[in-house]
Amino acid sequence: MSAYRFLLSAFTLLLPLASSPASAYDPSPLQDFCVAINEPGNGGIFPNPVFVNGKFCKDPKLAAANDFSFSGLNIPRSTANRVGSNVTLLNADQIPGLNTMGISMARIDYAPNGGLNPPHTHPRATEILLVLEGTLAVGFVTSNPDNRLITKVLYPGDVFVFPIGLIHFQVNIGQASAVAVAGLSSQNPGAITIANAVFGSNPPINPDVLAKAFQLDKNIVYYLQKQFGGSVGQGPWDDMP
Ligand SMILES: *[C@@H]1O[C@H](CO)[C@@H](O)[C@H](O)[C@H]1NC(C)=O
């Protein structure tokens, strides 16, 4: 290709970007990471080596109402677990028609007297939560350096927003079960539960790192690692310098 034709085609390709700034942005990622490979296939080592930012598309002619629908979100979920809550997330896996739409939703059940959706973040979504039943104390913490707690008690009909990426929680402070539904601004919001990610990582984080970071006695770190991961970390080194 001549230099002239190359410049011409490059200009033609870039023109739409210059005239509509929004399309010059990368799309938001819908997965935690994508380690680049040169070619798909990879000798059959990985059965499905191609990670797309979303999913492959069904022939639109074959799309039907059920692709855009889900039933049963009215059914209470069991909260008989250590934290006393249960999140039922509806994303593109449950509703194929959600793919590429940039939204998902969840039902959250809370046990009476302290059922907790523990501190967590959604790396890819802002959340808007509507309380249907019960009384929830909710909050989120702003980023460094302020780390300000924004918190409120919510009753049925109350709505609260948890901004993207910020640590947030809900706890049932009533004596009856509580139920909320949430909308999330990603088809794959992701969730990082702080305690599980920090103390229950696989493999475990070196206890010296956690003892120093959280200003804890190392025996407490061992205890927390047992609680959340079942195994106690050694990490790639024995003792921190
Ligand atoms: C959530 O509820 C469903 C249905 O009741 C149950 O099968 C599941 O184990 C529950 N999950 C947790 C974490 O308790």
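Nothing here was measured: the structure is a model prediction, and the numbers come from that model.

**Q** Is there a simple way to think about the overall build of the protein in this case?
**A** Across its full length, the protein carries 4 helices and 10 strands. Mapped in sequence order, the helices and strands of the protein form the string α-β-β-β-β-β-β-β-β-β-β-α-α-α. Counting across all 241 residues of the protein, residues that qualify as buried make up 31%. Taking contacts inside the protein between residues at least 6 apart in sequence as the whole, the part at least 24 apart equals 70%. A total accessible area of about 15,500 Å² is found for the protein, and carbon and sulfur atoms account for 62% of it.

**Q** Before we go on, may I ask you to explain the UniProt feature "binding site: oxalate" (unreviewed entry) in the protein in this structure?
**A** Within the UniProt annotation, "binding site: oxalate" (unreviewed entry) is assigned to Asn-117, His-122 and Glu-127. With respect to the helices and strands, the residue His-122 is situated in the loop between β3 (116-121) and β4 (127-133). When sequence neighbours within four positions are dropped, the list of residues in contact with His-122 reads Glu-127, Ile-164, Gly-165, His-168, Leu-184, Pro-189, Gly-190 and Ala-191. A distance of 2.9 Å separates the side chain of His-122 from the side chain of Glu-127, its partner in a polar contact. Locating Glu-127 in the fold gives a position in strand β4. Other than its neighbours up to four places away in sequence, Glu-127 contacts Ile-108, His-120, His-122, Phe-160, Val-161, Phe-162, His-168, Gln-170, Ala-182, Gly-183 and Leu-184.

**Q** Honestly, the pairing of strand β9 (residues 178-184) in this entry has me stumped. Any pointers?
**A** On a regular strand, one side chain projects to one face of the sheet and the next to the other, so that they alternate. Among the 7 residues of β9, 6 are classified as buried, and the element is accordingly described as predominantly covered. Here 7 bridges tie strand β2 (residues 104-110) to β9, and the two strands are oriented antiparallel to one another. Within β9, the residue paired with Arg-107 across the bridge is Val-181. In this sheet, β9 lies alongside β4 in antiparallel orientation, the contact comprising 6 bridges. What sits directly across from Glu-127, in β9, is Leu-184.

**Q** Can you walk me through the packing of helix α3 (residues 207-214) against helix α4 (residues 218-228) in this structure?
**A** Each pair of packed helices can be described by the angle between their axes along with the distance between the axes. For the pair α3 and α4, interaxial distance at closest approach is 9 Å and the crossing angle is 115°. Taken together, α3 and α4 sit at an angle that is classed as roughly perpendicular. The way α3 lies across α4 gives a crossing that is right-handed. Along its contact with α3, which presents Pro-207, Asp-208, Leu-210 and Ala-211, the element α4 presents Lys-218, Val-221, Tyr-222 and Gln-225. In the contact of α3 with α4, the residues fall into 5 nonpolar, 1 polar and 2 charged.

**Q** Hey, could you run me through α4 in this one?
**A** What sets the pattern is the α-helix's 3.6 residues per turn: residues three or four places apart point alike. Turning to α4, its buried residues are Val-221, Leu-224 and Gln-225. Along α4, the residues classed as buried sweep out an arc of 100° about the axis, all on the same side. When the buried face of α4 is taken as reference, the exposed residues oriented beyond 90 degrees from it are Asn-219, Tyr-223 and Lys-226. Those residues of α4 hidden inside the fold are in contact with α2 (194-199) and α3. Looking at where α4 begins, the residue whose side-chain oxygen comes 2.8 Å from the main-chain nitrogen of Asn-219 is Asp-217.

Here is what the cut-offs are and how they apply
Residues numbered from 1 in each chain as written. Predicted model: local features only at pLDDT ≥ 70, side-chain atom pairs only at ≥ 80, totals over all residues. Heavy atoms only, no water. Helix = DSSP H or I, 4+ residues; strand = E, 2+ residues; numbered from the N terminus. Buried < 20%, exposed > 50% of the residue type's maximum accessible area, 1.4 Å probe, protein only. Contact = heavy atoms within 4.5 Å. Areas by Shrake-Rupley, 256 points an atom, 1.4 Å probe, with all protein chains shown as cover. UniProt positions renumbered as here; feature names shortened; annotations may be inferred. Polar contact = N/O pair within 3.5 Å; in protein donor to acceptor, adjacent residues only side chain to side chain. Pairing = 2+ DSSP bridges. Axes fitted to C-alpha atoms, helices over the stretch in contact; angles between N-to-C directions. Parallel < 35°, antiparallel > 145°, perpendicular 65-115°, else oblique. Left-handed = near helix turned anticlockwise from the far one by under 90°. Nonpolar A, V, L, I, M, F, W, Y, C, P; charged D, E, K, R; others polar. Arc of directions from axis to C-beta.

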